[in-house]
Amino acid sequence: MRGPLAGRAGGSEGAVAFSHFKGTREIASLINEGSDLQTIFERVVVAICGHTTWSRSGIMAVDRASGYSVLVARCEPQASNEGDLPNRWLLATSPSRIVAETNQPIVIDDAQIRPEYPGYQADALARGYHTAVILPLRCTDEHDRPLVLSVNSERKVFVTAEEEDFLLTICHLVAIAVHKVKSLQEQQEMTARLERTLRVNSSLLERVLGGSSMQTIAGIVETLLQDEIVILDFTTDNTYANRSPTVELISDHEWRLAVKGPLADLLARFVQMSRPNNFRLPVSLDLRPAGIDLDCPVFVEPLQIDGETAGGLIIFPRGGTLNGLDLLMAQEAKLSLSAQLMRTHIDLRRHEGALSELFSRLFEADGVDSRETCSRASRLGVDLNSPARLLMLGEFTGHEGGLGPLVRSLARMAQGANSRAVLVEQSGDLFFHLPSDSDDPQRLLATLGRQLTDMLRWRHGESPVMALGPVCRRPEDYRAARDHCRRLLSLARLFGRRGIVKLEDFGPFAVLLSAVDPTAVRAFVGDMLSRVEAYDREHGGDLTRTTSAFLERGYRYQATADSLGIHVSTLRYRLGRLNELFGLDLEDPQTRFALSLAFHLKSMTGAGSTVPEAE
């Protein structure tokens, strides 16, 4: 956009070259004296006006976020109304945007009459200049905004290629100086951060060894790491997080609520399924199943103790990776958090072991020393002098991270429903000790039972089976209560029951079977009925239904025949065939009892093959 030659101050080409050389040297000297970015920018514009033929100069930042070209530094020696002049221009009509995007200079021969850039035309008329040159500085300010240099002349001049090269050389010198200052600042910031990190880390270890709470340790770790983090503590079932990894999607307050609510289980499973890699490799964390539209790379380290995952540290890296110092700090944080968790873990293990030993004494066959046992129980927070029940959990699978975290989560849930509740793992049994002021278990089942069922189904994909024992009023009652629960669990397995089972859920006949092996039950039913059922299937017979009806109606011929809609003689023929074919004589009391038992077991357990539908 070069205009016609309108003259240029200066003499011969040699004089111009000498002037450029001298100007470059003096400008470079002034630029290199700057110790911070703003000083450099101000020295540049002053040097240009003092050591070149250009009467005005300025540096603008291309602020795409605001949509404006913003003035950073300006030198206009002859301006008397500088405070009234504009200091920002719309990017949409500014040449600064084009220069920053293309990295190519733009020359406006006469800005007062050129309509392509309305902002420049208005500025040229207001300040009284004509020719302007806008050049890329090829660097950014402290806010990472691209910078451009603008020079202008009160006269209309022709900008030669040599002049343009001279101005680009100045821009190059500025870029070098800016990069040098930024590099120095980064080094200073890195050194200061390293020193601060060493101080904080030393304080962190002192606090861990001094017995500070996990909340205190988590707060120090958050100040240590610049990126957003989440700390999970499975030993106490707590999660610590303050800053949202994406405030555009979820605020800090909403994030703190989410990690303790909808995200809690998702983050726990994510940590438990992760493998340690010392923050070397990022993995993808998808929060969309919990209602947050975020799928991002994170660094996750499970914090393990004795092969058990006791917690985890998740880092949301702002730049997608961790630099050397960030990695060092993350590893130091992991060490301190692991030490803190180990303290809690040891305390919990000691308490859990003491509880297991206490109930082992209660369940001893030779009785217990009530006074000594009650005293020991009281020290462990267990009240054996008040009425209580045992709620025993049956077998279930799918314990990611080991049984320990699950036991502690269940214990805290039980304590939420009953502050005096404890969960005990003893000799392969897992059971709650639930103090109860009432013999009526319905309120207990309506609260804790439902919560336990929902939690285990959610975390492990299956509904649990739990047996509720009778009220224990003294230490001597606990062994019988434990055996009672075991029998109920055996019945639940036999009959395929889930949820909380009680004695009244099964009839007296079923209780007699609680000590019988389920395999033996199925074998007995098969031996008694399978041959008869197979015969009926092959020959279209009705011997099975006839036998069942005869037994149900107390061996009365007429009542049985009427229920089947057949003649008594037909009934007698069928029963005779049963004896001829299978040796089952229904006149024999033992045979009748065995068949009745087989049909009863079949209806309760589903053992044996299926009886065909009546035609």
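Refer to the structure above for everything that follows.
What you see is a predicted model; the values in this text were computed from it and never measured. (Residues numbered from 1 in each chain as written. Predicted model: local features only at pLDDT ≥ 70, side-chain atom pairs only at ≥ 80, totals over all residues. Heavy atoms only, no water.)

Novice: Break down the sheet that holds strand 3 (residues 88-90) for me, citing the residues and quoting the values.
Specialist: Spatially, 3-2-1-6-5-4 is the arrangement adopted by the six strands of the open sheet, whose pairing is antiparallel. Each having just a single partner strand, strand 3 and strand 4 (106-108) make up the two edges of the open sheet. With strand direction ignored, the average angle separating the axes of adjacent strands in the sheet is 25°. Strand direction decides the pairing type here: strand 1 (residues 56-63) and strand 6 (residues 146-152), joined by six bridges, are antiparallel. By the bridge assignment for strand 6, S57 is matched with V151. Helix-sheet contacts for helix 2 (residues 37-51) involve strand 1, strand 2 (68-75) and strand 6, and the interaxial angle to strand 2 is about 65°. Lying on the sheet, helix 4 (residues 118-127) is in contact with strand 1, strand 2, strand 3, strand 4, strand 5 (132-140) and strand 6; it crosses strand 3 at an angle near 145°. (Pairing = 2+ DSSP bridges. Helix = DSSP H or I, 4+ residues; strand = E, 2+ residues; numbered from the N terminus. Axes fitted to C-alpha atoms, helices over the stretch in contact; angles between N-to-C directions. Contact = heavy atoms within 4.5 Å.)

Novice: Can you lay out the pairing of strand 2 for me, pointing to particular residues and giving the numbers?
Specialist: Strand 2 sits mainly inside the fold: six of its eight residues count as buried. With three bridges connecting them, strand 2 and strand 3 associate as antiparallel partners. For Y68, the partnering residue across the bridge sits in strand 3 and is L90. (Buried < 20%, exposed > 50% of the residue type's maximum accessible area, 1.4 Å probe, protein only.)

Novice: Outline the packing of aromatic side chains, supporting the account with residue identities and numerical values.
Specialist: Within this structure, the stated rule accounts for eight aromatic pairs. Geometrically, the ring pair formed by Y535 and F582 is edge-to-face, given 6.0 Å between the ring centres and 80° between the ring planes. Within this pair, whereas Y535 is found in helix 15 (residues 518-539), its partner F582 is found in helix 18 (residues 568-582), the two being separated by 47 residues in sequence. Between F550 and Y555, the aromatic rings sit 6.0 Å apart at their centres with planes inclined by 55°, giving tilted as the arrangement. A network of ring pairs unites the aromatic residues F359, F363, F431 and Y478 as a single cluster. Over the ring of Y240 we find K260; its NZ or CZ atom is 5.7 Å from the centre of that ring. (Phe/Tyr/Trp six-rings, centres within 6.5 Å; stacked < 30°, edge-to-face > 60°. Lys NZ or Arg CZ within 6 Å of the ring centre and 35° of its normal.)

Novice: Could you give an account of the pairing of strand 12 (residues 388-393), with specific residues and numbers?
Specialist: Extensive coverage of strand 12 is indicated by the burial of six of its six residues. Here six bridges tie strand 12 to strand 14 (residues 429-435), and the two strands are oriented antiparallel to one another. Residue R389 lies in a different strand from strand 14, and its bridge partner there is L434.

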